[in-house]
Amino acid sequence: MDRENPLTIGRPTIDILTPSMNYRQYIEDAVVSVARQCYPGLRHIVQDGASTDGSAQLLEDLSRRHPQLDHRSIPDRGQSDAMNRAAARATSDWLGWLNADEFYLPDAVAVVADVIAAEPETDVVFGDCVFVDAHGRYLRLLPAHRFSHFTLSKYGCFIPSCATFVRRRRLTQTSWDPRLRRVMDWNLWLSLAADGARFRYLPRPLAAYRVHDAQVTQQPAERYQAEFDLMSSVHGLPRTKLARRTSRLVGMSVHAAQKVASHGYTRQLRANRLARSEDLRWWLNESALRRAKQLVDVRVSS
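Residues numbered from 1 in each chain as written. Predicted model: local features only at pLDDT ≥ 70, side-chain atom pairs only at ≥ 80, totals over all residues. Heavy atoms only, no water.

*Asks:* Before we go on, may I ask you to explain the nonpolar core in this structure?
*Replies:* Generally speaking, a soluble globular protein has its nonpolar side chains buried in company with each other. Within the largest apolar cluster, 37 residues are counted, with the highest numbers of intra-cluster contacts made by Ile14, Ile16, Ile27, Tyr104 and Phe165. Looking at this core, the elements with two or more residues in it are strand 1 (14-20), helix 1 (24-35), helix 2 (55-65), helix 4 (108-118), strand 6 (124-132) and strand 9 (199-210). Top element by residues in this core is helix 4. It accounts for eight residues. (Core = buried A, V, L, I, M, F, W, Y, C linked by side-chain atoms within 4.5 Å. Buried < 20%, exposed > 50% of the residue type's maximum accessible area, 1.4 Å probe, protein only. Helix = DSSP H or I, 4+ residues; strand = E, 2+ residues; numbered from the N terminus.)

Written out as structure tokens, the structure is:
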């Protein structure tokens, strides 16, 4: 793979990191969505945790069709450990984070690369994501807004990991805390912000977040109370249940106001009318590609 392709001169090199564990039914969508990005030199690093559902063999088969795929299957200590292992294998300037059950939308990587090239002082680029069901069908647009440390710390993690790209030199060997299984993304964004990283919001859907029963985030938050306690200790967040509830209510109000200011709700309504229940796996056929491109181009009229 030519990382010195003349089409990338002046543009960043990018690796996509994907942790995987027994997600054979979804991993091909993630791999193909990266392979179809048409960004020269793009590399896809998949770190599989020794899955027992045939994922390793599928990844081996996929690597024959998609040479940018670099996969390994070895035991790990969970998603955070897998991300750290994948990041240690990366060599590019920038890293994208795409979980095995997610997929990119058309031209996501190229659009992000354009922002990075135009704004070289930026350290983190994030956009919107869309929720899809287990079959890849549109559920709703989840619009974000300009970065706000106040909202991030009070409301919670409003930055979708599947639509986020980070400058590699901003990361450490344990940027993804292995003690965390549910809030590792929130922890990473707060840590980067505390370290002075500069965030840039791109008001465009970049990826699809798949909603299904096997997700950690579908489980009761109470199971992960120890993680929230750790976040309070590390980042100075409220410690008591009442203080956390009050903080989140304040954060929700500010979060909603910021979405209004960025026309997020208007874009959400337009996206809902355009793509409701549509299959967004855009590489499958021309109709899906056309629909997905219309979705990512949803704008607010001036």
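*Asks:* What's the story with the pattern of salt bridges in this structure? I'm lost.
*Replies:* Side-chain pairing between opposite charges can occur once the charged atoms of the two side chains come close. Counted according to the given criterion, the structure contains 22 salt bridges. The partner of arginine 89 in a salt bridge is aspartate 70, and the shortest N-O contact between them spans 2.8 Å. Here aspartate 70 lies in strand 3 (residues 69-73) and arginine 89 lies in helix 3 (residues 79-89), a separation of 19 residues in the sequence. Note on arginine 89: relative accessible area 10%, which makes it buried. (Salt bridge = Lys/Arg side-chain N within 4 Å of Asp/Glu carboxyl O.)

*Asks:* Is there a simple way to think about unusual backbone geometry in this case?
*Replies:* Trans is the common state for peptide bonds, and a negative phi is the common state for residues other than glycine. Of note in the backbone geometry, cysteine 38 takes a positive phi value of approximately 60 degrees without being a glycine. Relative to the helices and strands, cysteine 38 is located in the loop between helix 1 and strand 2 (43-48). Cysteine 38 gets classed as exposed once you look at its relative accessible area, which sits at 70%. Not every positive phi belongs to a glycine, and aspartate 107 is a case in point at roughly 65 degrees.

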